[in-house]
Amino acid sequence: MKDVRVRFAPSPTGYLHVGGLRTALYNYLFAKHFGGKMILRIEDTDQTRFVEGAVENLINSLRWAGIEFDESPEVGGAYGPYVQSERFDMYRKHAQIVLDNGHAYYAFDTPEELLAMRTQKPGAVVAPKYDRLVMKNQYTLGEKETTRLLAEKALYVIRLRIPPDAEIMFEDIIRGEITVQGCDVDDQILLKSDGFPTYHLANVVDDHFMKISHIIRGEEWLPSTPKHAFLYDAFGWERPEFAHLPLLLNTGKQKLSKRQGDVSVEDFRAKGYFRDAFVNFIALLGYNPTADREIFTIEEMIELFDISKVNKSGAVFDLQKLEWMNTQYLKIVPISEMVEMCRITLENIGLGGFDDQYIARVIDLLKERIHFIHEIPDFAPYMFGDIKEYEIEYIKKRWEVNSKEISVDLLEIFKKDDVFNHDSLYGAAKSYAEAKGIKLGPITHPLRMMTTGKSVGAGAFETMEVLGKETCIQRMEKFLEMMDSGKFSL
RNA sequence: GGUCCCAUCGACUAACGGUUAGGUCACCAGCCUUUCACGCUGGCAGUAGGGGUUCGAAUCCCCUUGGGAUCACCA
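Residues numbered from 1 in each chain as written. Chains lettered and ligands numbered in written order. Predicted model: local features only at pLDDT ≥ 70, side-chain atom pairs only at ≥ 80, totals over all residues.

### What to know about the overall build of chain A
Helices and strands together make up the secondary structure of chain A, namely 20 helices and 11 strands. Whereas a compact globule of 490 residues would reach a radius of gyration of roughly 23 Å, chain A reaches 33 Å, over 25% beyond that. Evaluated residue by residue, chain A yields a buried proportion of 32% over its 490 residues. Here the analysis covers contacts within chain A between residues at least 6 apart in sequence; of these, 76% occur between residues at least 24 apart. (Helix = DSSP H or I, 4+ residues; strand = E, 2+ residues; numbered from the N terminus. Rg over C-alpha atoms; globule rule 2.2 N^0.38 Å. Buried ≥ 20, exposed ≤ 12 C-beta atoms within 10 Å, placed from the backbone. Contact = placed C-beta atoms within 7 Å.)

The following block contains the structure:
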C-alpha cells in the first residue's frame, strides 16, 4: 500500500458540524491505523462566505475532540499552503492546462441566461443541464468571437467538457464500483468569472499536489465524484481512492442540519458531554468494529478501524444513546478531569472556593445519579451551602409521629460519634433500629430530610459522611427547631 | 422530475452462503436496596415485498416498493 495521506477539508463556516467531526474522525482513524498522515486544508474559495475566526474555531474544536493534524495551516507542512485562498495561482494554471488540452472551454453566459435555462416550464422533458451546443460558449460562438470577447475582457467562466458518450467509472471503497454516463454529468464550472476556482477544481488540484491517497468524505459528494474522477483523468493524474461515508440523519431520517436542534460539536461540548464519550458515540455512527462492545478508547478504535466495513446507509443521531454513553464515561473519566469541570460549573454560579478534594468526594458520591457533571450543584445544592429549601411534600409524606423521637435519639448518638463515616453511622442506625424494633426507613428518611432537604440523593449515611459531623449536627438541630416552632405547614 | 446511493428490531449495529439472526440504547418485568439511581436477570422487538441462483440466501442477481443525496459562478 502506498503512503497513506488523508485530509479533512472543511469550509470555514464558523462551527464544526457533528457530521464533519465524524468525517474528520474516520479520516484520522484511517490514517493512524496505517501510520499515515492527517492533513487539514481549509476550503475558503467562496469569498462570500467568509466568517471571522472560523479557522481557529475549527482547529480548536477538532483539538478538543482529540484530532491533531500532521499538516495544517497552523503547523505547516511540505505541501502548503493549506488554505485554498492562498493557492489561487495553482488553480488558474491548471484551468489553463485543461483548457489547452481540450477538456475544458470558455463560456460567457450571464447569470440571467443560466437561470432562464434552468427555469423551463414544469414538465419539460430535458433536465436543466448545461447544453454546450446552444449556450454561449467558445463552441457556439466560434474562435474569432471567443478571442474577441476575451480580448475585451468580457466575463467568462471555464467549464469542464464532459463528452456525452463517455462512461465514467470509479471505485468507492465502501460502495464498490459506480458508473455514470457522460450525458448525465453537467459541464461543471471550474473557474468562476471572478477568477476563483470552484470546489471541484481546487479540490482535485490540491488533493493531487498534497499527495492525498484516500479521499474519505460524506455521501453528499457522491454525485459530483464522477466530475472529479474525470478531472483527474483530464490532467493525466492517478486518481486517489474514494470512500463516501453514510450521512448522519435526524430522527426524521433526513440529513442532519442546523435547523433542527444542536448539530455543532461546540453545542455538545457546551452541554457538558465528556470529550471521550462524545467521540466514542460519533465513531459508532457508521459501524462497530466488534459485535459485543460499545465502549472504546481512541487507541482501540485506531487499532480496529476498517474503512471497508463502514455501513452504506445513513445513521440516525440518537441523543438518548449519547446520554447513556456519557453516563458510562462518568465511571471512566479520571476524577481530576471531572473535578475540573465541576469546579468551573460551581464558579460560574458564584460557588467558588471549594477545595478539589471535597469536590472529588462529592462527585464520587453522586456520579451514579447524574448524567452530567454540571447537574451536581442543582442536584445537590446542600453540598455547597446551607439548605435554602426543604421539599415540603417529602416531609409531609415521611415525617411520622415517632420521627421526632428518633431524630432526637440519633442526634445524641451521632454527637458522640467521632468517626462519623458511613460505617459508623449506618452501624449506629442499625442497632438503634433493632433495639426499637423498627425498620431502617423511618430513620433514613428523617435524616435525609434534615441534612439535605431533598427526597432524592445518594445514600443518607454516605451523604452525611461527606457533609461532615459538624454540618450534620447543626442541620439536624436547626430542622428540629423549625419543626418545633411550626415553620413547616404540614 | 433526471442521475446516483441505500434498505437487519423504534434507534445504533453484528452476522461478509450454513447462527434458535447476536449485542447496545430506549421500553417493560423481576431482583438488589437506605430515597433516587447504579447494577444484575429476564422480556418485547428485525432481515421491506416478490421473483430467481443454490443442497442451503439477511447475505448473490433481477423487479417492485420505500427512503435519502444531488442537480449553483456554495462547499
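Next, the rest of the story.
### Things to note about the confidence of the model for chain A
Here chain A shows a mean pLDDT of 94. Residues at 70 or above account for 98%. Prediction confidence for the complex, expressed as pTM and ipTM, is 0.94 and 0.95 respectively. (pLDDT = per-residue confidence, 0-100.)

### Some points on the protein's contact with RNA strand B
Surveying the vicinity of RNA strand B reveals 68 residues, the closest of which are Glu 43, Asn 288, Ala 291, Ser 313 and Ala 315. Among the elements of the structure, helix 4 (111-118), strand 6 (176-181), strand 11 (315-316), helix 11 (319-329), helix 17 (422-436), helix 18 (441-452) and helix 19 (460-467) are those that each provide at least two residues to the surface near RNA strand B. Within the surface near RNA strand B, the residues separate by chemical class into 26 nonpolar, 19 polar and 23 charged. (Near = placed C-beta within 6 Å. Nonpolar A, V, L, I, M, F, W, Y, C, P; charged D, E, K, R; others polar.)

### Here we look at unusual backbone geometry
The linkage connecting Gly 80 with the following residue, Pro 81, adopts the cis geometry, with an omega of -5 degrees. Among the secondary structure elements, Pro 81 is positioned in the loop between helix 2 (54-64) and helix 3 (88-100). One non-glycine residue with positive phi stands out, namely Lys 153, at about 60 degrees. One can find Lys 153 in the loop between helix 5 (138-151) and strand 4 (157-160). Judged by C-beta crowding, with 7 C-beta atoms within 10 Å, Lys 153 ranks as exposed. For Lys 253, which is not glycine, the phi dihedral falls at a positive 70 degrees. Topologically, Lys 253 is positioned in the loop between strand 10 (248-249) and helix 8 (265-270). For Lys 253, a count of 9 C-beta atoms within 10 Å gives the class exposed.

### Some remarks on the pairing of strand 6
Where strand 5 (residues 167-172) meets strand 6, 6 bridges bridge the pair, whose relative direction is antiparallel. Bridging from a neighbouring strand, Met 169 pairs with Thr 179 of strand 6. Here strand 5 folds back onto strand 6, and the loop between the two strands holds 3 residues. (Pairing = 2+ DSSP bridges.)

### Section: helix 5
Taking 1.5 Å per residue as the helical rise, helix 5 with its 14 residues ought to reach 20 Å, whereas the 13 Å between its terminal C-alpha atoms falls clearly short. The largest bend along helix 5 reaches roughly 80 degrees and is located at Lys 144. At the C-terminal side of helix 5, Lys 153 shows a positive phi close to 60 degrees. (Expected span 1.5 Å × (residues − 1). Bend = angle between axes of the 7 residues up to and from the residue.)

### Description of the sheet that holds strand 3 (residues 104-107)
Judged by pairing direction, the sheet is antiparallel, and its 3 strands sit side by side in the order 3-4-7 without closing on themselves. The sheet is open, and its two borders are formed by strand 3 and strand 7 (189-191), each paired with just one other strand. In this sheet, adjacent strand axes meet at a mean angle of 45 degrees when their direction is disregarded. (Axes fitted to C-alpha atoms, helices over the stretch in contact; angles between N-to-C directions.)

### A few points about the packing of helix 6 (residues 199-209) against helix 7 (residues 225-235)
One way to put it is that helix 6 packs onto helix 7 with a least axis distance of 10 Å and a crossing angle of 50 degrees. For the element pair helix 6 / helix 7, the angle class is oblique. In this structure, the crossing between helix 6 and helix 7 has a hand that is right-handed. Residues His 200, Asn 203 and Val 204 of helix 6 form the contact with helix 7, whose participating residues are Lys 227, His 228, Leu 231 and Tyr 232. Residues of the contact of helix 6 with helix 7, tallied by class, amount to 3 nonpolar, 3 polar and 1 charged. (Parallel < 35°, antiparallel > 145°, perpendicular 65-115°, else oblique. Left-handed = near helix turned anticlockwise from the far one by under 90°.)

### Section: the environment of Thr 119
With respect to the helices and strands, the residue Thr 119 is situated in the loop between helix 4 and helix 5. Residue class for Thr 119 comes out exposed when judged on the 10 C-beta atoms lying within 10 Å of it. The spatial distance from the C-alpha of Thr 119 to the C-alpha of Val 265 is 38 Å, given a sequence separation of 146 residues.

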